[in-house]
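Letter by letter, the chains look like this.
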Amino acid sequence: MMLYRWNVINTLIKKYGYKNYLEIGLAHGDCYDKISCTKKANVDPMDDPNQRVPMYKMTSDEFFENEAPSLEKWDIIFIDGLHRDFQVDKDIENSLKFLNKNGSIVLHDCSPAEERHQLISEKGGRVSAAITGTKEWNGDVWKSIVKFRSTNKDFGCMVINSDYGLGWINESIEIAEPFEYELTYKALESNRQEYLGLVPPEYFMNLINQ
């Protein structure tokens, strides 16, 4: 079974009756357009002129500081912006502040299949395909998942093993026991199940349909 990010998001919207959806990292709107929700909003600094013009043209930090306090809280937030762990850490923290009771956070690119898919350039961003030999790039979002799972005491987190790894944060998910970790790809390879709470798509769907 293959689940894409919009499949997981729409499944959660239907399951929990979510009404308000926020997407961090609009890009071309490929996911956003497929989301069926009563109220939708998106935020993206849109550095690339070829990208779609977002509803809130700003960084997620600026949005949460300046715009979110005056808006309704969100039922479900999709984090797919800057694929660096330090930013994803902040996006998770800020999202939780503006999340309704029993709300969900979904994250993309949480389980890179190869080390080259998560390499960071000297400038702190994506490594060119000419160097890695692939256009696939997930960044180091996975590090944020590991840190969250090992320390958060209020929300559980799992990663669905589909579409480059789809993280799901929700109060209903069993909270992981604190564990020691190393933020190296070698350690991730050896401890992927524990680090990410990795589950197959079928497990997620069976859980949701209970």
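Residues numbered from 1 in each chain as written. Predicted model: local features only at pLDDT ≥ 70, side-chain atom pairs only at ≥ 80, totals over all residues. Heavy atoms only, no water.

## Some remarks on the pattern of salt bridges
Tallied over the full model, the rule gives eleven salt bridges. Glutamate 72 is paired through a salt bridge with lysine 39; the nearest N and O atoms lie 2.7 Å apart. You can see glutamate 72 sitting in the loop between α2 (60–67) and β3 (74–79) and its partner lysine 39 sitting in strand β2 (residues 39–43), a full 33 residues away along the chain. The exposure class assigned to glutamate 72 is partly exposed, which follows from its relative accessible area of 49%. Here lysine 39 falls in the partly exposed class, since its relative accessible area comes to 41%. Through salt bridges with shared partners, a single ionic network connects Arg84, Asp85, Asp89, Asp140, Lys143 and Lys147. (Salt bridge = Lys/Arg side-chain N within 4 Å of Asp/Glu carboxyl O. Helix = DSSP H or I, 4+ residues; strand = E, 2+ residues; numbered from the N terminus. Buried < 20%, exposed > 50% of the residue type's maximum accessible area, 1.4 Å probe, protein only.)

## Overview of the environment of alanine 130
Looking at the element boundaries, alanine 130 is found in helix α4 (residues 129–132). Judged by relative accessible area, which is 77%, alanine 130 ranks as exposed.

## Notes on the packing of helix α1 (residues 5–16) against helix α7 (residues 201–208)
Close contact between α1 and α7 brings their axes to 11 Å; oriented N to C, the two are set at 15 degrees. One element, α1, and the other, α7, form an angle in the roughly parallel class. Our pair here, α1 against α7, has a crossing hand that is left-handed. Each of Val8, Thr11, Leu12, Lys15 and Tyr16 in α1 lies in contact with α7, whose residues at this interface are Phe204, Met205 and Ile208. Its residues assigned to classes, the contact of α1 with α7 shows six nonpolar, one polar and one charged. (Axes fitted to C-alpha atoms, helices over the stretch in contact; angles between N-to-C directions. Parallel < 35°, antiparallel > 145°, perpendicular 65-115°, else oblique. Left-handed = near helix turned anticlockwise from the far one by under 90°. Contact = heavy atoms within 4.5 Å. Nonpolar A, V, L, I, M, F, W, Y, C, P; charged D, E, K, R; others polar.)

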